[in-house]
Structures are given as C-alpha cells and as structure tokens.
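Fold and contact review
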Amino acid sequence: MFNKFKTMAANRHELDVLGINPFNIQVEKIISPTVGIINGKHTILAGTNNYLGLTFDPDCIAAASIALENEGTGTTGSRMANGSYSGHRNLEIEIAEFYGKRDSIVFSTGYLANLGMLSTLAGPDDMVLLDGDCHASIYDGCRLGGTKTMRFRHNDIDNLAKRMERLGDRAEKTLIVVEGLYSMLGDVALLKEIVEVKREYGGYLLVDEAHSLGILGEKGCGLSEELNVMDDVDFIVGTFSKSLGGAGGFCVSNHEELDLIRYSSRPYVFTASPSPATIATTRQALKKLSSGTHLRKRLHDNAIRLHTGLKELGYTLGAAPSPVIAVVLDSKLEALQFWNDLLELGIYVNLMMPPATPNGAFLVRCSVSAAHTTEQIDMICAAFSKLRVTA
Amino acid sequence: MIEYQSILNDIYAGLTEITKGRFDINEQSQLIEQLNLDSLQIMGLILDIEDHFDISIPVNVLKDVKTVKDLVIQIEKLSRDEG
C-alpha cells in the first residue's frame, strides 16, 4: 500500500540531502501579519495570503473572544445537526447582502466550499469546463461528483469557445469554472470575455474568488464586481482564509436552488461546522473588508512598489502587478537555493514547483499585504537585490 | 472517426517531443511509470490532442489510461462518439 509513495519519498530525501525543506516550515512565533520567528530569526512574511492584514485586527480578535466566552470552543456538530448557531446563518445572510445576491452557504473551509459545490452541482449527466490553471480543490470537487470534466487552455477564450461549440446541446448543462485571481502567477481571468462565451452557448458560470475577495472591486467583492459582470456569474465561491483572515468558505448565488445544494452536499453535511469564534471573527472581518477601500489602496500601492522593484532588478515576473507576485526561476535546484537564501536573509516567500505550477515553471511567490510597511517592502526588494548580485 | 494508426503516429510524435526523445516509445509504454510524465505534462498532452483531433477528452477517462495504447483507444472511441 505504501509503494505509491516511493517517488515522494525520493523527493523528500533529495530535500533532506540538500538541507532545504520549504514544505516543513514552522512559524515558531507569529508576531504580526507580516513578521514571524522562523528558525529562531525575525522574518518578514511575504507568502501568507494575508492580503488585508486582518489577522491581528483588534475588533476581529475581540469578536472571537466574546464568542469563545459565550458560545464555547466549537459546535461539535454538522450544520445539518447541532452545528448551526445563529452566527452561522447570520454570516450567510451578511455574505449574500455583501454580494447583493439571494443567499449563501457557509462551508467549514474554502477547500470544502469548492468540493461541496462542484461535487453536488455537477453530476454524471453534466459537464464541467474548467480553466486549466484552476486550483486542486476544483479538480477534486469535480472528481468527487463524477461529472465529465474537461479543461480549456488557461485564459484562452477561443479555446473555451471551441470547446463549448463542440459540446452542442450539452453546453446548456455545462458549468464553466474559472478563478478571479490565479494564485500561481497573479493574473486575472478574462471574465468579460468568458461571460460572452457563456451568453452565446449557454450553461452556467462559477467563479472562485478565493484570492480576489477583498482585493478587487470597489467593495472588495472580487473580479466579478470589478468587471461589472456579477449578474452573469451564477455562483461565486470564496474563502475566509485569505483577506478575511480566518478559516472557512462560502458560495453565494441568486439561484433559488442553492438551498437544495446545502442538503445534498456531502462536504457540507458530513463535517463539523466552523467554530463560533471563527464565525464571529469572519463577520467582523467582512465588515472591515467591505469598508476597507483604504486597505485595498495600501495593498495595491505595496504590490506596485514590490513589483516595480523586482522588475527593475531584472527578475522575470509572472504577471502584471497584483498582490500575488511570482518570480520565475530556471530550475528546481536554483529555485530551492533561492528560496532558502531569501529565508536566510529574513524573508519568507512560497516556493512553487511542478506539477503544481503552470507550464512547468519554478516560482518563488510573494503575496503582498496591506499590513506590510513601506520599509518591509523595501527590505524584501533589498534581499532580492542581494541575490541578484550574487547570482 | 479517426483511424487507430493515424492516432498512434500522432501520439508517438507528441510524446517524443515531450520526452525529448529519451525513450523508445511503443504501444505498451506506460505514460507515468516508464515515460515519467507528470500530471501537468499529461494534461498538456491532452489539450494538444483535443485541438489536433478536434475532440473533447474528459479528464475522467484518464484514470483508465495507463499505456500509449490505452490513450489511443480512448481517442479513437471519443472521435467515434463525436463523429
């Protein structure tokens, strides 16, 4: 039974021999949204997805404390049994109001939101047509539901249209799935064009706004709001674990049938609901996010500063400026060493390697936060500069 | 419907390019175990095949595809269904 892990074991051994293991990092102490102690050293955290820096917000922490005192540490139950407190339903209503949609479902994690929606929405008689760069949770949800799943080339509208045309009558029962902001390279979906394809051929559209919630749009709803196509998106899925600084996920929609999905979704039914403290902090964070224009401005200013700095140093970057900035490197060994050298210089970023990356790229990925100070952004640039000189 | 041999020849060409000619490829060659293709390379190959043959290949069918022959049979079947 364990033979299937031989390749992974060999890869792990290779990392042990190098003395570099980016997948075993422990933040020994978290000091702020942007600073932690790693390997005994103060480290700037530039790979956290903590886009708005709300994890240490005093109001969010206070809300969680009150919930802990009043409602206990956990619900110890599924939403279908004893695990629905008033906060859970109130959060669903608040998410729906935030998006101007009819209703929402709260799931226990963002991963479960995609698993729960995709496995239930699209069945064996339906089709899912997903962008090739979609997250693993989307692929896993399709697999769990047994739907026929096809891909189109990343952000290739002609490729999407050709596949929809090829489907003929089946296009009406096809769910197109894309993401708002793609987390590997930081590029955004060509959502207006994708909506046009859907209008032409029929079907449904689900947008996973996990990384774009809080970042794009006047209110921070995501790319659908930014591009004014919210009415054409049938389902928006999101997570609480990035801009909202917590843990959990949701799907929001205008479809009346959304509530039926709740009762049919195994990842919703067969798991414990989010704790009262998680719900309370998320509700508070949602208020901050929706009124957080100043946070979004600071986030975008930081992103442009870092992007510009890295570009001027001559690094190959994955996309136009966004809070996700991927630096493209040439090989596995270079990427491992580079990531480790950055950590030694007191900068933590994410290391991304095939097969998790598009086009087999080796990336060190920075995620910028509104909580980063200008000095921290400059220190990140300085570290990259040092490695450029020694390369 | 596309002929088996025609599909096989095109698949050989595609796999030779991906594997940079490192392997002798035949119908029994196992895509992962012998040709060392990772999931991303397989997905890329499928996209190329779809465009080349103008067919749709559900990701679901790949669980039954272990060898080059398995892949060719699936493509032949799908081209028959869509033809």
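Residues numbered from 1 in each chain as written. Chains lettered and ligands numbered in written order. Predicted model: local features only at pLDDT ≥ 70, side-chain atom pairs only at ≥ 80, totals over all residues. Heavy atoms only, no water.

Along its length, chain A carries 14 helices and 14 strands. Rg of the C-alpha trace for chain A: 21 Å, near the compact-globule value of 21 Å for 391 residues, within the 12% margin. If you line up chain A on its principal axes, its C-alpha atoms span 60 × 55 × 50 Å. Within chain A, the proportion of its 391 residues that are buried is 57%. Of the contacts formed within chain A by residues at least 6 apart in sequence, a portion of 67% connects residues at least 24 apart. By element, 53% of the accessible surface of chain A is carried by carbon and sulfur atoms, the whole surface being about 16,800 Å². Side chains of chain A give 37 positive and 45 negative charges; the mean places of these two sets differ by 4 Å. (Helix = DSSP H or I, 4+ residues; strand = E, 2+ residues; numbered from the N terminus. Rg over C-alpha atoms; globule rule 2.2 N^0.38 Å. Buried < 20%, exposed > 50% of the residue type's maximum accessible area, 1.4 Å probe, protein only. Contact = heavy atoms within 4.5 Å. Areas by Shrake-Rupley, 256 points an atom, 1.4 Å probe, with all protein chains shown as cover. Lys, Arg positive; Asp, Glu negative; His and termini not counted. Charge placed at Lys NZ, Arg CZ, Asp CG, Glu CD.)

Attention shifts here to the interface of chain B and chain A. On the chain A side, the residues contacting the 17 residues of chain B number 19 residues. Here chain B and chain A share an interface that buries about 1,400 Å² over both sides, 48% of which is from carbon and sulfur atoms. Of all residues in chain B, the largest losses of buried area upon contact with chain A belong to B:Leu40, B:Leu47 and B:Asp51, amounting jointly to 36% of the total for that side. Linking chain B to chain A there are five salt bridges. B:Asp51 is the partner of A:Arg163 in a salt bridge, and the nearest nitrogen-oxygen pair spans 3.2 Å. Remark: the boundary between chain B and chain A carries eleven residue pairs in polar contact (both at pLDDT 80 or more). For the side of chain B that touches chain A, the element with the most residues is helix H2 (residues 39–53) of chain B, which contributes eight residues. (Buried area = accessible area lost by both parts, 1.4 Å probe. Salt bridge = Lys/Arg side-chain N within 4 Å of Asp/Glu carboxyl O. Polar contact = N/O pair within 3.5 Å; in protein donor to acceptor, adjacent residues only side chain to side chain.)

Another point: the sheet that holds strand S1 (residues 29–32) of chain A. Residue and element names in this part refer to chain A. Across the sheet, four strands lie side by side as S1-S2-S3-S12; this open sheet has mixed pairing. This sheet does not close on itself; its edge strands, each paired only once, are S1 and strand S12 (347–348). In terms of strand pairing, strand S2 (residues 35–38) meets strand S3 (residues 41–45) through four bridges, oriented antiparallel. Considered in S3, the bridge of Val35 is made with Ile44. (Pairing = 2+ DSSP bridges.)

Next up on the list: the nonpolar core. Counting residues in each nonpolar core, the largest one holds 86 residues, and the members touching the most others are A:Ile95, A:Tyr99, A:Val178, A:Leu205, A:Leu306, A:Val364 and A:Phe384. Setting aside chain neighbours within four positions, we find A:Ile95 in contact with A:Ser104, A:Val106, A:Phe240, A:Phe250, A:Val252 and A:Leu286. A:Leu112, A:Met117, A:Ile261 and B:Val59 belong to the second largest nonpolar core, which has 26 residues in total. (Core = buried A, V, L, I, M, F, W, Y, C linked by side-chain atoms within 4.5 Å.)

Structurally, the position occupied by A:Thr147 is in the loop between helix H5 (136–145) and strand S6 (148–152). Ignoring any residue separated from it by four or fewer positions in sequence, one finds A:Thr147 in contact with A:Ala122, A:Gly123, A:Pro124, A:Asp126, A:Met127, A:Val128, A:Cys142 and B:Asn60.

So, about the sheet that holds strand S13 (residues 350–352) of chain A. Residue and element names in this part refer to chain A. Sheet architecture is open: three strands sit in the order S11-S14-S13, paired in antiparallel fashion. The open sheet has two edge strands with one neighbour each: strand S11 (324–329) and S13. Adjacent strand axes in the sheet meet at a mean angle of 25° when their direction is disregarded. Two elements, S13 and strand S14 (residues 362–367), share three bridges in a ladder whose sense is antiparallel. Residue pairing across strands places Leu351 opposite Val364, the latter belonging to S14. Lying over the sheet, helix H12 (residues 293–312) contacts S11 and S14, oriented at roughly 15° with respect to S11. Of the strands in this sheet, S11, S13 and S14 touch helix H13 (residues 332–344), which is tilted by about 30° from S14. (Axes fitted to C-alpha atoms, helices over the stretch in contact; angles between N-to-C directions.)

Attention now moves to the pattern of salt bridges. By the definition in use, this model includes 21 salt bridges over all chains. Two residues, A:Arg153 and B:Asp48, come together in a salt bridge whose shortest N-O distance is 2.6 Å. Of the two residues, A:Arg153 is situated in the loop between S6 and helix H6 (157–167) and B:Asp48 in helix H2; the pairing between them involves two chains. A network of salt bridges, in which partner residues are shared, links A:Arg79, A:Arg89, A:Glu92, A:Asp103, A:Asp259 and A:Arg262.

Residues and elements named next belong to chain B. Taken residue by residue, chain B gives an average pLDDT of 86. The fraction at 70 or more is 95%. Put simply, H2 is where chain B has its lowest mean pLDDT, 85, and helix H1 (residues 4–18) is where it has its highest, 89. The ipTM value of the predicted complex is 0.84, and its pTM value is 0.94. (pLDDT = per-residue confidence, 0-100.)

Glancing now at H2(B). Residue and element names in this part refer to chain B. Between its first and last C-alpha atoms H2 spans 21 Å; for 15 residues at 1.5 Å apiece the expected length is 21 Å, and the two agree. For H2, the complete set of buried residues consists of Ile42, Met43, Leu45, Ile46, Leu47, Ile49, Glu50 and Phe53. A side-chain oxygen of the first residue of H2 lies 2.8 Å from the backbone nitrogen of Gln41; this N-cap is Asp38. Asp54 sits one or two positions beyond H2 and adopts a positive phi of about 55°. (Expected span 1.5 Å × (residues − 1).)

This next bit is on helix H4 (residues 110–121) of chain A. Residue and element names in this part refer to chain A. Counted at 1.5 Å a residue, the expected span for H4 with its twelve residues is 16 Å, and the 16 Å between its end C-alpha atoms agrees. With nine of its twelve residues buried, H4 lies for the most part within the structure. Along H4, the positions that sit buried rather than exposed are Gly110, Leu112, Ala113, Asn114, Leu115, Gly116, Met117, Leu118 and Ser119. Capping of H4 at its N-terminal end is provided by Thr109; its side-chain oxygen lies 3.4 Å from the backbone amide nitrogen of Tyr111.

Let us now look at the pairing of strand S7 (residues 174–179) of chain A. Residues and elements named next belong to chain A. Of all six residues making up S7, six are buried, and the element is well covered by its neighbours. The sheet contact formed by strand S5 (residues 127–131) and S7 spans four bridges and is parallel. Considered in S7, the bridge of Val128 is made with Leu175. Pairing of S7 with strand S8 (residues 204–208) involves five bridges; the strand directions are parallel. The residue bridging Glu179 from the neighbouring strand is Asp208, located in S8.

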